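# Coordinate inspection notes
Each chain is listed here by its residues.
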Amino acid sequence: MPRAPLLRVPYTDPLPAPKIIPTSASTASGAIAALVDFLSPSLLPSKTSTSQTTARSKLSTSPLYSSGDGGGGGGKTLLLTGAGISVASGLADYRGTNGTYTLNKTYRPIYFNEFCESHEARKRYWARSFLGWTNLEKARPNKAHEACGDLGQIGVVGSLITQNVDSFHPTAHPHLPTTELHGYLRSLVCLTCRSEYPRNTFQSQLSRLNPTWAAFLAEMLACGALDTENPDERRKKGLKTNPDGDVDIPDAPYTTFRYPACPVCLEKPPKRADGGGGTVRVQTDRDGAWDPKSEGGVLKPAVIMFGESIPAATKIAAEKAVDAADRILVVGSSLATYSAWRLVKMAKERHMPIGVLNMGGVRGEDAFFGDVEAANTGREAVRCSENAEKVLPQVVRILQEMKGRG
Ligand SMILES: [Zn+2]
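This report concerns the structure included in the present document. (Residues numbered from 1 in each chain as written. Predicted model: local features only at pLDDT ≥ 70, side-chain atom pairs only at ≥ 80, totals over all residues. Heavy atoms only, no water.)

### What to know about helix α12 (residues 312-324)
Note: α-helices contain 3.6 residues per turn, so residues at a spacing of three or four share the same orientation. Relative to the 18 Å expected for 13 residues at 1.5 Å per residue, α12 spans 18 Å between its end C-alpha atoms, a close match to the ideal helical length. Taken together, the buried positions of α12 are Thr314, Lys315, Ala318, Glu319, Ala321, Val322 and Asp323. (Helix = DSSP H or I, 4+ residues; strand = E, 2+ residues; numbered from the N terminus. Expected span 1.5 Å × (residues − 1). Buried < 20%, exposed > 50% of the residue type's maximum accessible area, 1.4 Å probe, protein only.)

This is the structure in structure tokens:
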């Protein structure tokens, strides 16, 4: 494997419509049947999945590769989920008809280096985040997240990787091992001392430091302007935005937005990393807002921002999950980020059956399905374009019945 850091980068090119596999999976009931066929080998104890083990043992002697059942998770399916699975919880997908890229043409995510280097960029980020947090906080996992947990419970799924930062998976199924590939919004992490800090507490502090914005947020929540991600609908309900999609309050533009410093660094300033002696200067104004004369103590959401490397431990955990599985099912992801796409590519290189349940196209899916035989009924490959929260609970119900009979 290359040793270069794995960066998170956005991919916004349009994707072609999917080729449904098998062709019978073009209806909801056909998709359910094909998904059951795809997942059912994972109902069996791992040692009976001989064809897969044989196919895999012929492969090269990659050191990542443990023989036989892959170290305990053998025979099981790995789930890989993305933004599509959270749409039914009221969160916007980046893509798709109601996606951020479709509705808000000027939308541009912040990059890691901008966040680290620019106080101005952070003010803009936190002003937006302050208004957006209440929507995420009140959103809850949906039936698709619960179905993922049920698949774990009946032994079909051994672990899950998600690209989502909304924490719905760990909330819905705390017992199914989950790797959050792109981190999570529920916490902040200090760029200097790496301490984590709950986002809820931070939100209260943002309210206190920015009373005009807090009053504006209350007003916008009351009129429902923040119930939608659509900028036109938001404006109709009274939200004032700049041409670049940012919100500005006339007497409190976001350039005046204030955010707190890391409480750990403030209390006990860490030693300088350059070894020159002394401590990192961290200071605040009299209300506790981070002072730009500081040299550290900046809090960042505990997500992997665009342009930021995925931590080595997370990358290794995700690769181990692929190695331990016998098949992989992608749910609600167009695999637009390379960090997720490469995991499926890795599964393909290990000759694992691949399934994709996603509304609309997937980046480079020909690479996964180009060699599927016409006789395949879903067992070796499935590609369907249905709502996960509608079909997955049905798939679970049928697999539970099969398990009961078996
Ligand atoms: Zn700190």
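### Quick look at empty space enclosed by the protein
Inspection of every chain in the model, using the stated rule, returns one cavity of 30 Å³ or more. By volume, the largest cavity amounts to about 30 Å³. Lining the largest cavity we find Leu6, Leu181, Lys315, Ala318, Glu319, Ser339, Arg342 and Leu343. Counting residues per element, the ones that place at least two in the lining of the largest cavity are α12 and α13 (338-349). (1 Å grid on protein atoms, 1.4 Å probe; cavity = no way out; pocket = protein on both sides within 12 Å on 5 of 7 lines; lining within 4 Å. Points joined across faces, edges and corners; volume = space filled by probe spheres on them.)

### Examining the pairing of strand β1 (residues 77-81)
Regular strands place side chains that alternate from one sheet face to the opposite one. Where burial is concerned, most of β1 is hidden: five out of the five residues are buried. Burial along β1 is two-sided: Thr77, Leu79 and Thr81 facing one way and Leu78 and Leu80 facing the other are all buried. Examined bridge by bridge, β1 and strand β2 (residues 157-162) share five bridges and lie parallel to one another. By the bridge assignment, Leu80 is partnered in β2 with Ile161. Examined bridge by bridge, β1 and strand β7 (residues 327-331) share five bridges and lie parallel to one another. Bridge pairing in β7 places Leu80 opposite Val330. (Pairing = 2+ DSSP bridges.)

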